[in-house]
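Below, each chain spelled out in residue letters.
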Amino acid sequence: MKTNPRYTAPDLNFATPAAARRRRFRGVKDRLTSALVGIGGISVIIAILLIFIYLLYEVMPLFHQAQITPAQAGSDPVAPYRRPGPAGASLYLAMEEQAEVALRLNANGEATFFATVTGDVVRRQSAAQSASEITAFALDADASRLFGLAHADGSLSLAKHNYAISYPNDVRKITPSIDFPFSEDALALAPQLGSPTQLALRNGEDALIAVASNAQNQLFLTQFVKEENLFSEELTLTTAHFALPAIPVGIKKLMISPDQHWLLVLDQNNQIQLLNIQDPASPVAQPILRASHATVTSAAFLLGGSSLMIGDQNGRISQWFMVRNAEGEYDLRHIRDFSSDNPNRITQIIPEHRRKGFLTAEKNGTVSLYNATAQNRVLSTGLDLQGVQRMAISPRADALLVERPDGKMGFWAVDNEHPEVSWNALWHKIWYEGYEEPSFTWQSSAATNDFEPKYSLMPLAFGTLKAAFYAMLVATPLAICGAIYTAYFMAPGLRRKIKPFIELMEALPTVILGFLAGLWLAPFIELHLARIFTLLLLVPIGVVLFAYLWQRLPRQIRYLVPEGWDAALLIPVIILLTLAAAPVSELVEALFFGGDMKLFITRDLGINFDQRNALVVGLAMGFAVIPTIFSITEDAIFSVPQHLSNGSLALGATPWQTLSRVVLPTASPGIFSAMMIGMGRAVGETMIVLMATGNTPIMDANIFEGMRTLAANIAVEMPESEVGSSHFRILFLAALVLFLFTFVVNTAAEIIRQRLRRKYGAL
């Protein structure tokens, strides 16, 4: 049989030079593409790893162990010099800002200024304004540097140590001095006092008060009211004396609160007598409290004067401050305890000048650093001291000066940058000064210098999850149900129009959504709260009812609409339901909420209503998350092989049975991935929650309350934080927590997704 030459297959020669060149070029392109894809993937992994390393680099200093080292490398910190100035124990030790010059005040009132490193005397000056014997000493506050000396003749010397800084020849020079800010002569205490044995001093804007006791345990308050001449700026003191209730037993220490409202008297029975001296003429005694079951050996106010620290002979340190009780009155409340590993007698408690930290000295020479807010002991070291007579911490808490009982001085450099950070402070309830109970609180700054930083990350983590929950609550059902209908039931022509339109929503900047949510949506919801809830209920019910009625219509009518275009009929239905929500909501509000749903919620139900709340965030951020979940879910469902659906339908299954038992299980890995990616988007969202939540760091699941998220907090506070400070690094810690949270969630999601793929991949 002959073949037709017109249908003879051409001879193909794959060995020609041109074909070989094409194969080589194609091979080069394949290898280059594979290399570029591999490099891109590895680069992404490296970039994420570098982000993690950088966050860790900024966070790690928070957890560095505090250290006390010699001020000069290789020097002996214990005995470079003996105590400067006259012999005898020191009455008071202090250092200036740079920790270069120190002050030593002896029992005769002579002030000796000396170099902290070498012990060289810089200046000597008397702080006593009376020749009479000094019987008591009191310090107003470390920050004010004002102190008082009570004399046996009943007079009072008020002095202040100051440091003038100059730069001759570009070299810093510190010139110390003792100044007398109120009078060049000693002031008189109460005439009935006699020889004082204890003294307390507190300076205020309008008055300075001094409380002194005598050997008979009588208490007298002297008030020096300040009057300043407007023209000469000369300060005049008006003196008033008041007798206070006597204390039945010996007095160990007197202390006055910074607001001059409270006098705390620690007696020999280790009890605290609290007197309200807001009106000195009529002092009010509060219930007597027992400070410790052991002998109290030291007591001091922390920065700000709100917290009282008490140490006893067993090495136990307790913290006390004023708390408002159920009757609205203030009580001195025991808050927390600090104890050492090897209990020894606490001989001295020294508060830090600018933080809620303090130092303690024990009888055996152990020096410990604590932070009250974090409730932790930062460092405890012996320092080879064999005892501590007196010690002082520099204003920046970076230097320590110690005087031993044998007269030798020691000077150390202190590295304790972030004592306020601990696991308790970050994640547990803390009882902060002035609070009625322990709480989770984030408040990183305030207007006063004696502010107690509150760095609890719990409100921020809670706010992050709360915002994500309400956003997902709105977005997930709408996005997944819309994706199911679009991919499985909608006509291809309509799908080609709807899908790009929804995906285009993702291009809308979130700052615009946040702007609209904060300035338009939040006030609208506040004014039309009932309408919003009516709309959220009426639209789903109306859509389902319309679909039910549509299915009950005769086929001739239903077939007028092409298959897959049924969804277009819902557009006018939704518009009509939205318009109908207004009159229906007014009726519902009048029948069930007394005409005002917001007022009913706040007044009758006791639920707080904040204009920028979780409902606003849920609607706005849900709108932003819908395109992400919709697009991935729609692709996953549309990618299910058509032969699976056809086979199910051929075996007699209905379209809904095919969808629920074949299509959705097969697409479940993609649907789950869409939800996790949407959740990641919601957790990391910044601008919407920043502009629409009110940024209140509270822990309340109430949908009408706001919140603050980790991402929004970083965006708000990072520009204002001091580089290298605890606040700065805790913000990086918040970023690391957010990073780890998303990493853990995505890892768990990938594990679940792989299991779903293995389970349903064989369909």
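These numbers were taken from a predicted model, which means no experiment stands behind them.

Draft legend 1. The overall build of the protein, seen in detail. When you go through the protein residue by residue, the secondary structure sums to 15 helices and 32 strands. Computed over its C-alpha atoms, the radius of gyration of the protein comes to 38 Å, more than 25% above the 27 Å expected for a compact globule of 763 residues. Dimensions of the protein, computed from the C-alpha atoms along their principal axes, are close to 140 × 85 × 55 Å. When each of the 763 residues of the protein is scored for burial, the buried share is 46%. For the protein, the share of sequence-separated contacts (at least 6 apart) that also reach a separation of at least 24 residues comes to 57%. Carbon and sulfur atoms form 59% of the exposed surface of the protein, whose accessible area is close to 38,400 Å². Here the protein carries 60 positive and 65 negative side-chain charges, and the mean point of each set is 18 Å from the other.

Draft legend 2. Looking closely at the packing of helix H11 (residues 642-650) against helix H12 (residues 655-684). Close contact between H11 and H12 brings their axes to 10 Å; oriented N to C, the two are set at 145°. Considering only the axes of H11 and H12, their crossing is right-handed. Seen from H11, the contacting residues are Leu644, Ser645, Ser648 and Leu649; seen from H12, they are Pro655, Thr658, Val662, Val663 and Thr666. Grouping the constituent residues of the contact of H11 with H12 by class yields 5 nonpolar, 4 polar and no charged.

Draft legend 3. Spotlight on the packing of aromatic side chains. Under the definition given, this model contains 24 aromatic pairs. Summarising the aromatic geometry, the rings of tryptophan 423 and tryptophan 427 are spaced 6.2 Å apart at their centres and angled 45° between planes, so their arrangement reads as tilted. Note that tryptophan 423 and tryptophan 427 are positioned in helix H2 (residues 423-427) at a spacing of 4 residues, about one turn of the helix. Members of the aromatic cluster, connected to one another through ring pairs, are Tyr485, Tyr488, Phe489 and Trp656. The ring of tyrosine 432 carries the charged tip of lysine 454 above its face, separated from the ring centre by 5.4 Å.

Draft legend 4. Fine view of the sheet that holds strand S22 (residues 316-324). Read from one edge to the other, the open sheet built from 4 strands follows the order S20-S21-S22-S23, with strand pairing classed as antiparallel. Pairing within the sheet leaves two strands with one partner each, and these edge strands are strand S20 (296-301) and strand S23 (330-339). Taking the axes of each pair of neighbouring strands and ignoring which way they run, one obtains an average angle of 25° across the sheet. Sheet analysis places S20 next to strand S21 (residues 307-312), joined by 5 bridges and oriented antiparallel. Within S21, the residue paired with serine 298 across the bridge is glycine 311.

Draft legend 5. Seen up close, the environment of phenylalanine 732. Within the secondary structure, phenylalanine 732 is located in helix H15 (residues 726-760). Judged by its relative accessible area of 10%, phenylalanine 732 is buried. Distance from phenylalanine 732 to leucine 55, taken between C-alpha atoms, is 6.1 Å for residues 677 residues apart in sequence. Residues within four places of phenylalanine 732 in sequence aside, it is in contact with Tyr54, Leu55, Glu58, Val59 and Met718.

Draft legend 6. Here's a closer look at helix H4 (residues 492-504). Its 13 residues give H4 an end-to-end C-alpha distance of 18 Å, which sits within 8% of 18 Å, the value for a rise of 1.5 Å per residue. For H4, the full list of buried residues reads Gly493, Leu494, Arg495, Lys499 and Ile502.

Draft legend 7. The arrangement of unusual backbone geometry in detail. In this structure, asparagine 270 is a non-glycine residue whose phi angle is positive, near 60°. With respect to the secondary-structure elements, asparagine 270 resides in the loop between strand S16 (262-267) and strand S17 (271-276). Judged by relative accessible area, which is 6%, asparagine 270 ranks as buried. For asparagine 695, which is not glycine, the phi torsion reads 55° and is therefore positive. Topologically, asparagine 695 is positioned in the loop between helix H13 (687-692) and helix H14 (710-717).

Draft legend 8. The arrangement of the side chain of serine 456 in detail. The topology assignment puts serine 456 in the loop between strand S32 (454-455) and helix H3 (458-489). Here serine 456 falls in the buried class, since its relative accessible area comes to 0%. When residues no more than four places from it in sequence are discounted, the contact partners of serine 456 are Ala425, Leu426, Tyr432, Phe440, Thr441 and Trp442.

Draft legend 9. Inspection of the packing of helix H5 (residues 510-527) against helix H10 (residues 614-638) at higher detail. H10 packs onto H5 with a crossing angle of 140° between their chain directions and a minimal axis gap of 10 Å. In terms of orientation, H5 and H10 fall into the oblique class. Between H5 and H10 lies a crossing of right-handed hand. Residues Leu513, Ala517, Leu521, Ala522 and Ile525 of H5 lie in contact with H10, whose contacting residues are Leu615, Val616, Leu619, Ala620, Phe623 and Ala624. A breakdown of the residues in the contact of H5 with H10 according to their chemical character gives 11 nonpolar, no polar and no charged.

Draft legend 10. View of the pairing of strand S4 (residues 110-115). For S4, the tally of buried residues reaches 5 of 6 residues, placing the bulk of the element in the interior. The hairpin formed by strand S3 (residues 101-106) and S4 contains 3 residues between the paired strands, and glycine 109 there has a positive phi angle of roughly 85°. Both S4 and strand S5 (residues 121-126) contribute to a ladder of 5 bridges, which runs antiparallel. Within S5, the position partnered with phenylalanine 114 by the bridge is valine 121.

Draft legend 11. Up close: a positive patch on the surface. A cluster of like positive charges, contributed by Arg21, Arg22, Arg23, Arg24, Arg26 and Lys29, occupies part of the molecular surface. Accessibility expressed as a relative area gives 53% for arginine 24, which makes it exposed.

Each value, and the rule that gives it
Residues numbered from 1 in each chain as written. Predicted model: local features only at pLDDT ≥ 70, side-chain atom pairs only at ≥ 80, totals over all residues. Heavy atoms only, no water. Helix = DSSP H or I, 4+ residues; strand = E, 2+ residues; numbered from the N terminus. Rg over C-alpha atoms; globule rule 2.2 N^0.38 Å. Buried < 20%, exposed > 50% of the residue type's maximum accessible area, 1.4 Å probe, protein only. Contact = heavy atoms within 4.5 Å. Areas by Shrake-Rupley, 256 points an atom, 1.4 Å probe, with all protein chains shown as cover. Lys, Arg positive; Asp, Glu negative; His and termini not counted. Charge placed at Lys NZ, Arg CZ, Asp CG, Glu CD. Axes fitted to C-alpha atoms, helices over the stretch in contact; angles between N-to-C directions. Left-handed = near helix turned anticlockwise from the far one by under 90°. Nonpolar A, V, L, I, M, F, W, Y, C, P; charged D, E, K, R; others polar. Phe/Tyr/Trp six-rings, centres within 6.5 Å; stacked < 30°, edge-to-face > 60°. Lys NZ or Arg CZ within 6 Å of the ring centre and 35° of its normal. Pairing = 2+ DSSP bridges. Expected span 1.5 Å × (residues − 1). Parallel < 35°, antiparallel > 145°, perpendicular 65-115°, else oblique. Patch = residues over 30% accessible without salt bridge, like charges linked within 9 Å, V, L, I, M, F, W, Y side chains within 5 Å. Salt bridge = Lys/Arg side-chain N within 4 Å of Asp/Glu carboxyl O.

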